[in-house]
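Results of the structural survey
Next come the chains, spelled out residue by residue.
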Amino acid sequence: MRSVLVVDNSGRGHAFADLFVRTDPDVVVHYAPGCEAIEHDRIVSAPWLDLYDPDPAPMVRHALELGVDLVLVGHPRPLANGYVDAFRAAGLAVIGPDRAAARLESSKVFTKDLCAEYGIATAAYRWFDAPEPAVEHVREVGAPVVVKCDYSCQGNGVFVCETVDEAVEAIERLMVARDFGPGGARVVIEDKLVGKEQLFFVLVSGEQYVMLPMAVDYPRSEDGNEGPMCGGMGAFCPHPEETPEVVDRFRRQMLEPLLAAVRAEGMDYTGVLYADCMLVGDRLYLIEINARMGDPEAEVVFPRITSDFTEVCAAVLERRLDRLPPLALTDEYFVDVAATQGPDGVHPGWPYGSVGRGHPVRGLADLDPERCQVFYGGARVMGDGALVTDGGKVLHLVGRGDTLEQAIDHAYEGIAKIGFTGIRYRTDIGKVMPWE
Ligand code: GLY
């Protein structure tokens, strides 16, 4: 029996754990901190560990005590905090970019500067360490612009501003009010690109890589693609516009130049690289990089993979991805609808502000797992065994079906059974496209 440690606490981490145990009958997944609500005899959570601890030592000790064969770090915070470097220094086999390579996500300025140096297409930009020159800049260049935290806020902290007033408000929220924390110390202001957003996920092992299926993500918080950008209210896979030509353009125009730049800078990238791109005419522009898989994209991409994922990871570690047979995928559709903690009478809820915690979650026992699977995010189990809310994206209800329509029906049939104080979700995932 092989054992793996997955470091994460989101629906993405649960989807990784599920991918291992579903495709490899001989693996045990230690999931840290994970979520105790997961009922699987080969997924073992460690809720006493803190994913946000800047010191990786407790997590490394846990891995050494367990004697795991492999560690996979899925969450951006431990990646930015150098957990991969610490696992590696302790002699563990680990998948995930080290601290230097994780800067591709943890500093947007770093990535924009890399693009500029290596001729990778991206929107024109300036960055600022103080609000006054940032405001002066937007008054000078006018709108529309995009205002972003330099530091990764996991899909939050990005404002697409159609007017100068909106841009000034975004700068004040990020840099003065610090609504998104210390990441607001530096902001990037870039031209708004007009085109079609395309997301690509790649499993990278140095110079080798394997493309994962594309997915459609819903970054806006409200129905009709309204409301602020957030980490994603839902997703679906397969992508209706994924073709060999689309993937080939990404390889030629973006991935290969990017990996060449990464190598030229002395970075050794291992793990999932998520490239968020904008197609303008026939040219792909880089919007940003996530140095890990997306959430909720993982929850719809991973269920399609049927290849033994432990073997895939072994190939990543042994630098033999080029000799791996193509990833085996099911043709089924998967649709994720995120059940989020909205307003509860006291808190405005996610993503608008503080979120209420500790609200009992009802209805999970009524789900039909053949039609709708749950992935746990901001949820935890109390001493009395009750499942309660504990964050913004509480649960992901993932419907499966032979068609997109059937998967949508199964996801919404599932979420209709779930209840907690302040539950909020989009009602149009898969029904409207995020670019409409
Ligand atoms: N869904 C966007 C992200 O994972 O950052």
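Residues numbered from 1 in each chain as written. Predicted model: local features only at pLDDT ≥ 70, side-chain atom pairs only at ≥ 80, totals over all residues. Heavy atoms only, no water.

**Considerations on the pairing of strand β16 (residues 270–280)**
Looking along a regular strand, one sees the side chains alternate between the two faces of the sheet. The buried count for β16 comes to ten of eleven residues, which makes it a mostly enclosed element. As judged from the ten bridges shared by strand β10 (residues 196–205) and β16, these two strands associate in the antiparallel manner. When the bridges of β16 are listed, L203 appears paired with V272. As paired elements, β16 and strand β17 (residues 283–290) share seven bridges and run antiparallel to each other. Across the sheet, V280 pairs through a bridge with R283, a residue of β17. Connecting β16 to the next strand, β17, in antiparallel fashion are two residues, including G281 with a positive phi near 65°. (Buried < 20%, exposed > 50% of the residue type's maximum accessible area, 1.4 Å probe, protein only. Helix = DSSP H or I, 4+ residues; strand = E, 2+ residues; numbered from the N terminus. Pairing = 2+ DSSP bridges.)

**Describing the packing of aromatic side chains**
According to the stated counting rule, one finds ten aromatic pairs in the structure shown. When the centroid spacing of 6.4 Å and the interplanar angle of 35° are considered together, the rings of F302 and F309 count as tilted. Looking at F309, the relative accessible area reads 5%, which means it is buried. Ring centres of Y412 and Y425 lie 6.3 Å apart, and the angle between their planes is 45°; this geometry places the pair in the tilted category. Taken together, the residues span a long stretch of sequence, with Y412 in helix α12 (residues 404–415) and Y425 in the segment after β23 (423–424) at a distance of 13 residues. Residue classification places Y412 among the buried residues on the basis of a relative accessible area of 14%. Among the aromatic side chains, those forming a connected cluster through ring pairs are F16, F20, F302 and F309. The aromatic ring of Y412 is capped on one face by K431, whose charged end is 4.4 Å from the ring centroid. (Phe/Tyr/Trp six-rings, centres within 6.5 Å; stacked < 30°, edge-to-face > 60°. Lys NZ or Arg CZ within 6 Å of the ring centre and 35° of its normal.)

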